[in-house]
Amino acid sequence: MAATRTKATANLLQLPTTLRTLLAQQSYQRPLASIVQQSTRSLSSTPSNASSVDPTEVSHFNALASSWWDPHGPSRLLHLMNPLRHRFINLCLTSQADPPRLMPNLPLGSKEAGLRYLDVGCGGGIFAESAARMPGVSSVTGVDPSSEVLAIAKEHARRDPNLWETGRLSYLNCGIEDLPKMKTQADVGVEVAKVGLSSAVATNTGDAGKDVQNDQGYDIVSLWEVLEHVSSPHAFLDILTPHVAPGGWFVMSTIARTWTSWVTTKLFAEDILRIVPRGTHDWAKYINEPEVRKYFEAKPGWESPRAMGVLYVPGVGWREARGGEDWGNYLWAIRKSPLK
């Protein structure tokens, strides 16, 4: 701990004098000494029994609802991040020894079962809508506790009857605690054996396989820019991760808790460049990549973790940054082990 603080302090002192002066002038920010002291945090801290919904966070994003789909507004960075999210998911899927067969069009009720997405903290639906239009996707369910933001998502989706009227895209206004409980992997294994593996995974229609597939979870569970807004990440992940189907992927993005991320996301993004509304982030809630990895290492039944550091370049957009997971924004994924 002492060594970590010493290294963080040394890094801060290496900043240019002008930048250190700017930091000192930001009186509303936590002192630099506090940043150094909080440079370590355990994701596996005592879980909270409180709701995962933080009223302060909901209020903040409610205020952004009307501008959610403005590509030049406060959510601009989310719009620009979307292509990289899909690329990352594709890298996860193609890394499997048994990658899914992607089908260009999946009409409602198709005998071919496409990928099922659960997008948690979907906001105004930027990712959820785009995912519902992707080849090989049969359904996307977006979940968000903000009724005002979700109203914007629903209104925007209604403009495309191929999404709304077919049921390919749906939204739920709730916290993750209110989602239907998932069966354990052992329970799913027993039911798959009863109905036959082929029927359990090959249909979304009303036969015996439907209940097994729906109860066992989703092929992709996404959590984009959400974990850094959660007060109890351990408890949050405990509730969320059972919704990943065996063989499916949990994908997310968040920010490492380092002095570099404090400078880039708080000082520059929120206060100097004003490309993100002030108060969007709480640096103390950021999650380091080793903390996420350690959480899943303690949970049996997960495999193939992977990370991709990303960096926003003004005027260019988001780009992959090798090693960026150690100091800034990053995408992260892990696969739930398939049924044997």
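Residues numbered from 1 in each chain as written. Predicted model: local features only at pLDDT ≥ 70, side-chain atom pairs only at ≥ 80, totals over all residues. Heavy atoms only, no water.

(A) A look at the overall build of the protein. The helix and strand tally for the protein stands at 14 helices and 8 strands. In the protein, buried positions account for 49% of the 340 residues. Total accessible area on the protein stands at roughly 15,900 Å², and carbon and sulfur atoms take up 55% of it. (Helix = DSSP H or I, 4+ residues; strand = E, 2+ residues; numbered from the N terminus. Buried < 20%, exposed > 50% of the residue type's maximum accessible area, 1.4 Å probe, protein only. Areas by Shrake-Rupley, 256 points an atom, 1.4 Å probe, with all protein chains shown as cover.)

(B) View of the sheet that holds strand β3 (residues 169-173). Read from one edge of the open sheet, 8 strands run β3-β2-β1-β4-β5-β8-β6-β7, paired in mixed fashion. The outermost strands of the open sheet, each flanked by one partner alone, are β3 and β7 (317-320). Going from strand to strand, the sheet's axes swing by 20° on average, the running direction of each strand aside. Here helix α5 (residues 76-94) sits on the sheet in contact with β1 (115-120), β4 (218-224), β5 (244-255), β6 (302-313), β7 and β8 (329-336), set at roughly 150° to β6. Across the sheet, helix α12 (residues 233-240) lies against β1, β4 and β5, angled at about 160° from β4, the strand it touches most. (Pairing = 2+ DSSP bridges. Axes fitted to C-alpha atoms, helices over the stretch in contact; angles between N-to-C directions. Contact = heavy atoms within 4.5 Å.)

(C) Here's a closer look at α12. Extensive coverage of α12 is indicated by the burial of 6 of its 8 residues. Looking at α12, one finds that the buried residues are Pro233, His234, Ala235, Phe236, Leu237 and Leu240. As for α12, its buried residues are in contact with β1, β4, β5 and α14 (289-297).

(D) Local environment of the pairing of β5. Judged by how many residues are buried, β5 sits mostly within the fold: 12 of 12 residues are covered. For β4 and β5, the ladder comprises 6 bridges, and the chain directions are parallel. The partner of Ser222 across the bridge, within β5, is Val251. After leaving β4, the chain enters α12 and then returns to the sheet as β5, a path that is right-handed. Across 7 bridges, the pairing between β5 and β8 is antiparallel. In the sheet register, Thr254 faces β8, and the bridge partner there is Tyr330. (Right-handed = clockwise from strand over helix to strand, strands pointing away.)

(E) Expanded view of unusual backbone geometry. The backbone phi angle of Glu225 is positive, close to 50°, even though this residue is not glycine. Within the fold, Glu225 resides in the loop between β4 and α12. Residue Ser304 is not a glycine yet carries a positive backbone phi of 60°. What makes Ser304 partly exposed here is its relative accessible area of 40%.

(F) Geometry of the packing of aromatic side chains. Inspection of the entire model under this criterion finds 7 aromatic pairs. Relative to Phe296, the ring of Phe250 lies with its centre 5.8 Å away and its plane at 35°, an arrangement referred to as tilted. One end of the pair, Phe250, is in strand β5; the other, Phe296, is in helix α14, and 46 residues separate them in sequence. Just as Phe250 is buried, Phe296 falls in that class too. Here the aromatic rings of Tyr312 and Trp318 are separated by 5.7 Å at their centres, their planes lie at 55°, and the arrangement is tilted. (Phe/Tyr/Trp six-rings, centres within 6.5 Å; stacked < 30°, edge-to-face > 60°.)

(G) Representation of the nonpolar core within the structure. If you look at the biggest cluster of nonpolar residues, it comprises 33 residues, and the most contacted ones within it are Ile89, Tyr117, Val140, Leu169, Tyr171, Val251 and Leu331. The dominant element in this core, judged by the number of residues it contributes, is α5, at 7 residues. Each residue touching Tyr171, except ones within four places of it in the same chain, is listed here: Cys122, Gly125, Ala128, Glu129, Gly142, Leu150, Ala153, Lys154, Ala157 and Trp164. (Core = buried A, V, L, I, M, F, W, Y, C linked by side-chain atoms within 4.5 Å.)

(H) Focus on the state of the cysteines. One pass over the structure, following the stated rule, counts 0 disulfides. Looking at the unpaired Cys122, the closest cysteine sulfur is the one in Cys174, lying at 9.5 Å. Residue classification places Cys122 among the buried residues on the basis of a relative accessible area of 6%. (Disulfide = S-S within 2.5 Å.)

(I) Molecular detail of the pattern of salt bridges. In the structure shown here, the tally under the stated rule is 9 salt bridges. Put simply, Glu320 and Arg87 hold a salt bridge, and the shortest N to O gap is 3.2 Å. Placement of the pair is Glu320 in strand β7 and Arg87 in helix α5, with a sequence separation of 233 residues. On the basis of relative accessible area, Glu320 is assigned to the partly exposed category, the value being 36%. (Salt bridge = Lys/Arg side-chain N within 4 Å of Asp/Glu carboxyl O.)

(J) Summary view of the side chain of His243. With respect to the helices and strands, His243 occurs in the loop between α12 and β5. Excluding residues within four positions of it along the chain, His243 makes contact with Leu118, Leu179, Pro180, Met182, Gly217, Tyr218 and Val221.

(K) Representation of the confidence of the model for the protein. Per-residue confidence for the protein gives a mean pLDDT of 76, with 65% of residues at or over 70. The least confident element of the protein, judged by mean pLDDT, is helix α10 (residues 197-201) at 33; the most confident is β4 at 97. Below a pLDDT of 50 lies the segment residues 190-213, which in the model reaches 32 contacts outside its immediate sequence neighbourhood of four places, other chains included. (pLDDT = per-residue confidence, 0-100.)

(L) Focus on the environment of Ala245. Within the secondary structure, Ala245 is located in strand β5. Expressed as a C-alpha distance, the spacing of Ala245 and Met182, which sit 63 residues apart in the sequence, is 9.1 Å. If near-sequence neighbours (up to four positions away) are discounted, Ala245 is found in contact with Gln216, Gly217, Tyr218, Asp219 and Lys336.

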